[in-house]
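Each chain is listed here by its residues.
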Amino acid sequence: MLRFPRHGGARCCFAAVFALVGLGLVAHAESPNVTLDEAFETLKTWEAGDDPAHLEFLHDYVVEAINDPEKKEPLEDRFIDVLENGSTEDAKAFACRQLFFFGTERSAPALAALLNNERLSHMARGALQEIPGATATDALIGALMTVNDTQRIGVIHSLGVRRDVEAIDPLTWLARRPGNDAVASAAVTALARFDSDQAVDAIRGLRQSVEGDMRAVVADAYMEVAERKHAQGDASAAADIYWSLYDPAEPVMHRVGALQGLSRVRGAEAAPVLLEAVLSRDAQIREAAVTGLREAPGVTEAIAEAAPEFHEPVQLQLIAVLGDRGDAAAIPVLEDLIHGAGGEVRDAAFDALAQAGDASVVPMLLELALADDAHLRGKARETLIALAGSDVDEAILAELDSLGVAGQVALLEVLGERHARNVTPAALAADWASASSDRVRVEVMAVLGGFPSDESLEVLSQAAGDNSPLVRRAALEALAGWPDDAPMDHLADAAGDAPTASERAEALRGYIRMIGMEDRSADTLAEHYGRALALAEQSSDKIEVLELLGEVRGEAALEVAERYVDDDEVGAAAQDAVDSIRALLAGPESVSASVNEGDAGNAIDGDASTRWGTGGSQEGGEWFQLDFGGTRAFASLTLDTSDSPNDYPRGYEVFVGDDPEDFGDPVVEGEGDGEVTVIELNGASGRYLRIVQTGSAEGNWWSIHELSVEIE
Amino acid sequence: MRRTRQYSRRQFLKRSAAAAGAAALAPALGSLPSKVARAVPANERINMGFIGIGNMGSGLLQWYTNNPEVQVVAISEVKDDVAEWGKERVAEVYADRDDQGSFSGVDTYVDFRDLLAREDIDAVVIATPDHWHGAMTVLACQAGKDIYCEKPLSFDVGDAHAMVKAVRRYGRVFQTGSQQRSDWNFRFGCELVRNGYIGELEEVRCSVGGPSWDHYLPPEPVPDGVDWDRWLGPSPWHPYNSERISGSYSGGWRLIRDTSGGMMTDWGAHHFDIAQWGMGMDGHGPVEIYPPGVEDHEYLTYYYDNGVVMKKNGANGVLFIGSEGRVEVNRGHIQTWPANLMDVRLTPDDERLYDSSNHRQDWLDCIKTRQRPICDVEIGASSITVSHLGNIAFWLNRGIQWDPVAKEIIDDAEASRWLKRPKREPYAWI
């Protein structure tokens, strides 16, 4: 059965009706009933521009038949009849197209008869190309001698795709025949597809005989052969081909291809030639050498050994290649360059070490990270931060106790930058949270803030009551930035009883931030914001809380906001919150959608730059629903898609009612009007309002940037 | 791969040449990273040719024309008026450039092979309809050009394979125009998935469109200044019709089977590409594909050999569903469940994905360093193969099995026919 929707509603009906009647006694819902016989009769006289309904019917039948062996053979006979018996060229082109789906050797003679037809040659050949068996092969080989030069290119191409060995001789002959480079090129390209010594010999022979533009064609074919040899495990044969193509007398792109090939098949053995080639006078060769060195297996040591010997510009490239290779074998030479070179070379070595280095380079980098030279210090720290691997973090931590305070602070900063989650908070806490230096402990707090774990939370919570104001403040900052609301109660308490106003303010900001983190009920939000308002000492903090409170849709929130309306300092903000909450209470309590429900709120957020969208083409059936929490009478509805002008609903139905499972009939239906669609609802009442998109638009989503409802 | 160096291609080349004895090309040291805005001397710019400057091509032309590292020197276009527009546009921009170098105007060509034959052109941008991408890319590689090719990468699986081979054979720098990879949302979302922040990945949903179909359109006169035969190129011949040549995103050639894979490839080149990235399936692919309605599959469904199931539909962009969370990404949209996954900071042990914030600039940078860009040809090929396999399943209305290593459909000769579709002469070059 055909189940997929295509081309809109008419085709769906067409397919569905047909599926009901098996062999097709009845077809299009909007056309007279049609039989398979009638459809084929129509096809025979069909010309582009005529009604295509019967062709679409036949194509649907082809798709059904290819999944039903009993239908294939009689259907193939019908298309053969179209090809052989006086049909229009457009009909024959259609038949060729269908036979491409499923044609067998039985179709080959009828298709072969069209190979000389200027209009249809490529269509027949396309179907013939995929038909297995000698009939198709013989037909194509025979056509080589009868078709014109343009058609011959196509026939040659098809023979190359088929790779029947019988074609090698005629293709070789055509490849050698002078006078038409386009035909000869096609023949050479086709020969390269054959996994055959005979074809390889032919290409090798052509290497000696061809001239001009044909040389590049033959070289390309030869590389195709080399790649196949390599894939089959014969790297030696492949290398021989590449060495012959790397001859200085060869055109540059042959040599480029040869260098790429040598780097793949010879690996470390190719290193000398690649390193020599980076000094070539030819830019293409130099580029190919760099690519080869970057990608060839097993050449790291050779590059590392050679790099210091080159002049600086080449050194820079080779050092970069060493970094990209990410091979630890490069570490010794990179360390030498860092210690022995300067300027760009040293910086490049640092960068490469960041990619290729491991824990073994940590001591060296730690030493440089504390150097007097600011640039050197910066590069070393940058490299430490970039090094991959958890063992690097352990190595850094292991070095900490050998350093003074400045070094400890610096390395803790590095650990923080590394987001070194693998250094356990317990280890940091045990070894360093009680360090004698406040500066170190402050850094420990900052680092622990990046480790959302129970151990970190415990250490930070304790430190929030430390005797040192610096440590207390650092701990509170870390808690305030915690990624979930675990320290929420602790922060609320600190907002009330921390020793200094700045600490209380820091704690309050963290508490306010965490109120909004989880999906809390309106009543719970009102309770938390009410507490935050009571704790706030600064008007600016109260105003911030009132703004957040204004986004809560609930009577409890309204009650909290109303308490502050008469306040001298924040009364205006409280009134704004009251107005906002009342507006929310008048609007929908929630919105939902058939898809992408997480974005549904974007349609009612008052911001036309955000949107809810289906994320896929309009197909019909997508819906968007508003729940007002109680019955409302609706005057009108406006859908604004101005920022996505093609995403308006191609069709819609609007339902209103109190039971979202049983709306009954739509109160209104219609089609979108472009960027802004206004829908009159004429007082229809209910708790829920649902818009169902009923049209289709391939490539266009249904989006709502802003939705507004006028309540009566 | 983290990129920390960018050296001017020509600076490097000239420095190397100087060392080889070409004193006249002695370099100026102290190169700046290419991402630093600066005036680039004319003789250091990348000479660029454009093949196809319609919808997407026009945007690319204007962006690269305004890039100080680039000198646009040639346009190939089968529509005369479009070519003329492009030529004038470039001239307008360059009229304000202080340093013209040897630039003497943009040349236009109807046959792109004439553009490729110019030895002074370093790189080409291919922004033609899909059915031309394969041949143009292969010939550009043979001519030694680096390539930015618009998505979807290819017209069929065979073309994609040929493109990969040619790029590798000639060591070219190739960027697939699936630019979502250079958007933070998508990268971060994929990093969350790749590093297990949503637990074990179980399912992926992608909102892409449907396949292309045959369209039966009436003949119309070929407008003056349009080379219709060359526009059709390797695709089957049809009489001219304005719908066939239209680049409209809601119709035109994109929805026609002879010239495109439809919205399946047009959007699959974006969202399936991101899905492959998040799954760590670059270079690989699904093993079974079922169209909707076959064997109880409600949506087009892909099965991967690691157990992950991917469905077409059901997401705002791409939705990754793991055992412990979800992440959904689209343009301008990223959402995680739980919400605090947005606060994740990658650790040193986490896998970092290629970091590019500008897809077009990334290609320029890689032309200079000879590194592979963020959406290298092999990535583009494996991503678009997902779309092609979906189309084949749709078109034949049956499930297919795919060998992602051998890149073959298993035990289905009829389905395999669609991997490499016939090409019309004389354009049957690959």
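Bear in mind that the values here come from a model prediction, so they are computed numbers and not experimental data.

Looking at the secondary structure, you find serine 383 of chain B in helix H12 (residues 377–396). The residues touching serine 383 of chain B, leaving out its near neighbours within four places in the chain, are Arg181, Phe272, Asp273 and Gln276 of chain B.

Residues and elements named next belong to chain B. The sheet built from nine strands is open, its strands ordered E13-E12-E11-E7-E10-E9-E8-E14-E15 with mixed pairing. Each edge of the open sheet carries a strand with a single partner, namely strand E13 (333–337) and strand E15 (408–409). Of the pairings in the sheet, the one linking strand E11 (residues 318–322) to strand E12 (residues 326–330) comprises four bridges and is antiparallel in character. The partner of valine 318 across the bridge, within E12, is valine 329. Across the sheet, helix H7 (residues 184–194) is in contact with strand E7 (201–206), E11, E12 and E13; its angle to E12 comes to roughly 160 degrees.

Residue and element names in this part refer to chain B. When cut into domains, chain B gives domain 1 (9–180) and domain 2 (183–354 + 377–430). If you average the C-alpha positions of domain 1 and of domain 2, the two centres end up 27 Å apart. With 38 residues of domain 1 at the interface, the matching set in domain 2 holds 47 residues. Contact between domain 1 and domain 2 buries roughly 3600 Å² in total, counting both sides, with carbon and sulfur atoms accounting for 61%. The three residues of domain 1 that bury the most area against domain 2 are Phe155, Val157 and Gln180, which together make up 23% of that side's buried surface. In this assembly, domain 1 and domain 2 are joined by four salt bridges. Salt-bridge contacts for aspartate 266 lead to lysine 151; the nearest nitrogen and oxygen are separated by 3.4 Å. Counting the contacts that link domain 1 with domain 2 gives 21 residue pairs in polar contact (both at pLDDT 80 or more).

Glancing now at the domain arrangement of chain A. Looking at chain A, the domain boundaries give domain 1 (235–296) and domain 2 (590–711). Placing the centre of domain 1 of chain A and that of domain 2 of chain A at their C-alpha centroids yields a distance of 62 Å.

Before going further, it helps to spend a moment on the pairing of E13 of chain B. Bridge count for E12 of chain B against E13 of chain B is five bridges, and the pairing is antiparallel. Of the residues in E13 of chain B, the one forming a bridge with glutamate 328 of chain B is glutamine 335 of chain B.

As a further point, take the interface of chain B and chain A. Facing 89 residues of chain B, the contacting portion of chain A comprises 101 residues. Across the interface of chain B and chain A, roughly 7900 Å² is buried in total on both sides, 51% from carbon and sulfur atoms. Considering only the surface of chain B that becomes buried against chain A, Arg169, Tyr216 and Arg417 of chain B emerge as the three largest contributors, covering 12% of it. In this assembly, chain B and chain A are joined by 31 residue pairs in polar contact (both at pLDDT 80 or more). The dominant element in the side of chain B that touches chain A, judged by the number of residues it contributes, is helix H1 (residues 9–19) of chain B, at eight residues.

Glancing now at the packing of aromatic side chains. Two measures describe an aromatic ring pair: the distance that separates the ring centres and the angle between the ring planes. Tallied over the entire structure, the rule returns 27 aromatic pairs over all chains. Centroid distance phenylalanine 101 of chain A to tryptophan 418 of chain B: 4.8 Å. Interplanar angle 65 degrees. Geometry classified as edge-to-face. With phenylalanine 101 of chain A in helix H5 (residues 89–102) and tryptophan 418 of chain B in the segment after helix H13 (413–416), this pair bridges two chains. Relative to tryptophan 231 of chain B, the ring of tryptophan 228 of chain B lies with its centre 5.2 Å away and its plane at 10 degrees, an arrangement referred to as stacked. In this pair, tryptophan 228 of chain B and tryptophan 231 of chain B both sit in helix H8 (residues 228–232), three residues apart, roughly one turn of the helix. The class of tryptophan 228 of chain B is buried, set by a relative accessible area of 7%. On the basis of relative accessible area, tryptophan 231 of chain B is assigned to the buried category, the value being 5%. Ring-pair connections join several aromatic residues into one group, and the members of that group are Phe40, Trp46, Phe79, Phe94 and Phe102 of chain A together with Tyr216 of chain B.

A few words on the side chain of histidine 270 of chain B. Mapping histidine 270 of chain B onto the fold places it in helix H10 (residues 262–279). Sequence-distant contacts of histidine 270 of chain B, defined by excluding residues within four places in its chain, comprise Lys151, Gly177, Ser178, Gln179, Gln180 and Arg331 of chain B.

Cut-off values and rules
Residues numbered from 1 in each chain as written. Chains lettered and ligands numbered in written order. Predicted model: local features only at pLDDT ≥ 70, side-chain atom pairs only at ≥ 80, totals over all residues. Heavy atoms only, no water. Helix = DSSP H or I, 4+ residues; strand = E, 2+ residues; numbered from the N terminus. Contact = heavy atoms within 4.5 Å. Pairing = 2+ DSSP bridges. Axes fitted to C-alpha atoms, helices over the stretch in contact; angles between N-to-C directions. Domains from an automatic or database assignment. Buried area = accessible area lost by both parts, 1.4 Å probe. Salt bridge = Lys/Arg side-chain N within 4 Å of Asp/Glu carboxyl O. Polar contact = N/O pair within 3.5 Å; in protein donor to acceptor, adjacent residues only side chain to side chain. Phe/Tyr/Trp six-rings, centres within 6.5 Å; stacked < 30°, edge-to-face > 60°. Buried < 20%, exposed > 50% of the residue type's maximum accessible area, 1.4 Å probe, protein only.

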